[in-house]
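As a plain string of letters, each chain reads:
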Amino acid sequence: MSVKVKSNEKTNLKNSNKQFEIILKICLIIGIIIISGFIFYYISTPEPGYVTFGILNENQKAEDYPTEAAVNESVFFYVTVENHMKRDFSFHLEIFKGDNETILNSTGLFGAKSYFNTTTVHLNHKDFWMSNILNVSFLQPGANQRIIVILWEIPYSGIRRYVSSLYLWLEILP
């Protein structure tokens, strides 16, 4: 190879390296800008609030729920609600007795009997509420009987909104 060809190859290689370095720097700057945008979005966007809603057994524990009861025997339990909505939260509970044919969807509850309703309860952010001990009994024996607890939000507009529901499945013995 001639000296001129070698010199041209070295010049081309240096130019190619410079172009690669420029492209690499531009990509790094764009990457830093994009990642900074994600970080800013994450920091500036608050996490959505939530409500915890639970059923406790008669010993106020989330374990060893009853699975069987006799006709006319009371099943005891508590209901809890905790507000993490980052705002005030007003609610009431409805308790129903149903079975495996009970249907709950966005338009309502079908095939269940209303058993008990609480009054409206108001919770500030991070407040915790627990019901007094509740009891439900069944008049007819059968498998797949259930206690249904529905949590409704009562906003300032007064039109309640469905939040969540919980179930206790029971076999009612004669």
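All values derive from a computational prediction rather than experimental measurement.

Things to note about the overall build of the protein chain
Here is step 1: Helix and strand counts for the protein chain stand at 1 helix and 12 strands.
Here is step 2: When its helices and strands are written in sequence order, the protein chain yields α-β-β-β-β-β-β-β-β-β-β-β-β.
Here is step 3: Relative to its length of 174 residues, the protein chain is extended, with a C-alpha radius of gyration of 31 Å against a globular reference of 16 Å.
Here is step 4: Long-range contacts, defined here as pairs at least 24 residues apart, represent 70% of the contacts in the protein chain between residues at least 6 apart.
Here is step 5: Of the roughly 12000 Å² that the protein chain leaves accessible, carbon and sulfur atoms contribute 58%.

Observations regarding the pattern of salt bridges
Here is step 1: In total, this model carries 3 salt bridges according to the counting rule given.
Here is step 2: The residue E94 makes a salt bridge to R160 at a minimum N-O spacing of 2.9 Å. Within this pair, whereas E94 is found in strand β4 (residues 89-98), its partner R160 is found in the loop between β11 (142-153) and β12 (161-173), the two being separated by 66 residues in sequence.
Here is step 3: Taking the relative accessible area as the measure of exposure, E94 reaches 10% and is therefore buried.
Here is step 4: On the basis of relative accessibility, which here comes to 36%, the residue R160 falls in the partly exposed class.
Here is step 5: Among the charged side chains, a network of salt bridges with common partners joins R87, E153 and R161.

With respect to the side chain of N83
Here is step 1: Within the element layout of this structure, N83 appears in strand β3 (residues 75-84).
Here is step 2: Using a relative accessible area of 0% as the deciding quantity, one classes N83 as buried.
Here is step 3: A distance of 3.1 Å separates a polar side-chain atom of N83 from the backbone oxygen of N124.
Here is step 4: Those residues in contact with N83 that lie beyond four places of it in its chain are Y50, D88, F89, L123, N124, H125, K126 and D127.

Comments concerning the nonpolar core
Here is step 1: Formed by 24 residues in total, the largest nonpolar core has its most connected members in F77, V81, F91, L93, I147 and V149.
Here is step 2: Contributing elements (two or more residues each) for this core: β1 (50-56), β3, β4, β8 (121-123), β10 (134-136), β11 and β12.
Here is step 3: By size, the runner-up hydrophobic cluster in this structure holds 5 residues, among which are F96, L109, I150 and W152.

Describing the confidence of the model for the protein chain
Interpreting fine coordinate detail is not advised for predicted regions of low pLDDT.
Here is step 1: When pLDDT is averaged across the protein chain, the result is 87; 94% of the residues are at 70 or more.
Here is step 2: In the model of the protein chain, strand β6 (residues 108-110) stands out as the element of lowest mean pLDDT, 77, in contrast to strand β9 (residues 128-130), which has the highest, 95.

Comments concerning the layout of surface pockets
Here is step 1: Counted as a void, the largest pocket has a volume near 250 Å³.
Here is step 2: Around the largest pocket sit K97, G98, D99, G111, A112, K113, S114, Y115, F138, L139, Q140 and Q145, which together line it.
Here is step 3: The leading source of residues in the lining of the largest pocket is strand β7 (residues 113-117), at 3 residues.

Some words on the pairing of β4
Here is step 1: With 10 of 10 residues buried, β4 lies mostly within the body of the structure.
Here is step 2: What you see with β4 is no split at all: F89, F91, L93, I95 and K97 on one side and S90, H92, E94, F96 and G98 on the other are buried throughout.
Here is step 3: As paired elements, β4 and β11 share 8 bridges and run antiparallel to each other. In the strand pairing of β11, G98 is matched with R146.
Here is step 4: Where β4 lies against β7, 4 bridges are found, and the strand directions are antiparallel. By the bridge assignment for β7, I95 is matched with F116.

Here is what the cut-offs are and how they apply
- Residues numbered from 1 in each chain as written.
- Predicted model: local features only at pLDDT ≥ 70, side-chain atom pairs only at ≥ 80, totals over all residues.
- Heavy atoms only, no water.
- Helix = DSSP H or I, 4+ residues; strand = E, 2+ residues; numbered from the N terminus.
- Rg over C-alpha atoms; globule rule 2.2 N^0.38 Å.
- Contact = heavy atoms within 4.5 Å.
- Areas by Shrake-Rupley, 256 points an atom, 1.4 Å probe, with all protein chains shown as cover.
- Salt bridge = Lys/Arg side-chain N within 4 Å of Asp/Glu carboxyl O.
- Buried < 20%, exposed > 50% of the residue type's maximum accessible area, 1.4 Å probe, protein only.
- Polar contact = N/O pair within 3.5 Å; in protein donor to acceptor, adjacent residues only side chain to side chain.
- Core = buried A, V, L, I, M, F, W, Y, C linked by side-chain atoms within 4.5 Å.
- pLDDT = per-residue confidence, 0-100.
- 1 Å grid on protein atoms, 1.4 Å probe; cavity = no way out; pocket = protein on both sides within 12 Å on 5 of 7 lines; lining within 4 Å.
- Points joined across faces, edges and corners; volume = space filled by probe spheres on them.
- Pairing = 2+ DSSP bridges.

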